[in-house]
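Fold and geometry: a report
Chain by chain, the residues:
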Amino acid sequence: MTTQTPGPTPAPLHWKLVVDAVDPHTQADFWAAALHYTAEDNSALIERLLSVGALPGAATVEYHGRPAFRDLIAVRHPGDPYDPETGTGLGRRLLFQRVPEPKTVKNRLHLDLHPGQGRRGDEVARLRALGARVLAEVKEPSGEWVVMADPEGNEFCVH
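First, a word on scope: everything that follows refers to the structure included in this document. (Residues numbered from 1 in each chain as written. Predicted model: local features only at pLDDT ≥ 70, side-chain atom pairs only at ≥ 80, totals over all residues. Heavy atoms only, no water.)

1. With respect to the environment of Ser51
Quick reminder of the rule: Secondary structure elements are defined from DSSP: runs of H or I of at least 4 residues count as helices, runs of E of at least 2 residues count as strands, and each element is numbered from the N terminus. Throughout, exposure labels follow a simple rule: accessible area from a 1.4 Å probe, protein chains only, divided by the maximum for the residue type, with under 20% read as buried, over 50% as exposed, and the rest as partly exposed. Any N or O atom pair separated by 3.5 Å or less is treated as a polar contact, with the protein-specific requirement of one donor-capable and one acceptor-capable atom, and with residues adjacent in sequence counted only for side-chain atom pairs.
Structurally, Ser51 can be placed in helix H2 (residues 43-51). The exposed category is assigned to Ser51, whose relative accessible area is 59%. Along the chain, Ser51 and Trp145 lie 94 residues apart, while their C-alpha atoms are 49 Å from each other. A polar contact is formed between the side chain of Ser51 and the backbone oxygen of Arg48, at a distance of 2.8 Å.

And the structure:
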């Protein structure tokens, strides 16, 4: 009988969720507030790239008083590590990238937010104040949740 020795367990993959957006910075502001996340500060990297001519000025915008990439911005969990030289998060993140067209069909992927027992109503009200809208209130044998849309119409659920 031959016993095969298992190889080393591969490390989990680093990932981010990328969301298409007409206005990535507005989406980043909404989701940073919605999730209590932090918008990434890539200004040191951008200034370095500008100084060596590797990035044209037209590829940047001012975002919260600092230079940012014009077509993308990420938000990250404030407790997760990040690269201080680039400002890029190394943990849980959402990256918003500019696309020319608005959202037109139902999401194939969405976030479920879980504010905690008895807090759904308050969380829905807070998210509405941030610019989200309620699409449906669902009550099924498997549970209850509210289907909402962010400022660009991307659906998400609050359980």
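Here the narrative resumes, following the displayed structure.
2. Thoughts on the nonpolar core
Defined as follows: Buried Ala, Val, Leu, Ile, Met, Phe, Trp, Tyr and Cys residues that are joined via side-chain atoms within 4.5 Å together make up what is termed a nonpolar core. Working rule for contacts: check all heavy atoms of both residues, and any pair within 4.5 Å makes them a contact.
Phe30, Trp31, Val75, Phe96, Leu127, Met148 and Phe156 are the most contacted members of the largest nonpolar core, which totals 23 residues. Those elements that place two or more of their residues in this core are strand S1 (17-21), helix H1 (24-35), strand S5 (72-76), strand S6 (93-98), helix H3 (120-130), strand S9 (143-149) and strand S10 (155-158). Among the elements that make up this core, the one with the highest residue count is H1 (5 residues). Discounting chain neighbours no more than four positions away, the residues touching Phe156 are Phe30, Trp31, His110, Leu111, Leu113, Leu127, Ala132, Val146, Val147, Met148, Ala149 and Asp150.

3. Side note on the sheet that holds S9
Condition: Two strands form a pair only when DSSP identifies at least two bridges running between them. Where helices are involved, their axes are fitted lines through C-alpha atoms of the stretch in contact, as for all axes, and angles between N-to-C directions lie from 0 to 180°.
Across the sheet, which stays open at both edges, the 4 strands sit in the order S7-S10-S9-S8 with mixed pairing between neighbours. Bordering the open sheet on either side are strand S7 (111-113) and strand S8 (133-140), each of which pairs with just one other strand. Sheet twist, expressed as the mean angle between neighbouring strand axes with direction ignored, is 25 degrees. Where S9 lies against S10, 4 bridges are found, and the strand directions are antiparallel. Bridging from a neighbouring strand, Met148 pairs with Phe156 of S10. Lying on the sheet, H1 is in contact with S7 and S10; it crosses S7 at an angle near 35 degrees. Helix-sheet contacts for H3 involve S7, S8, S9 and S10, and the interaxial angle to S9 is about 5 degrees.

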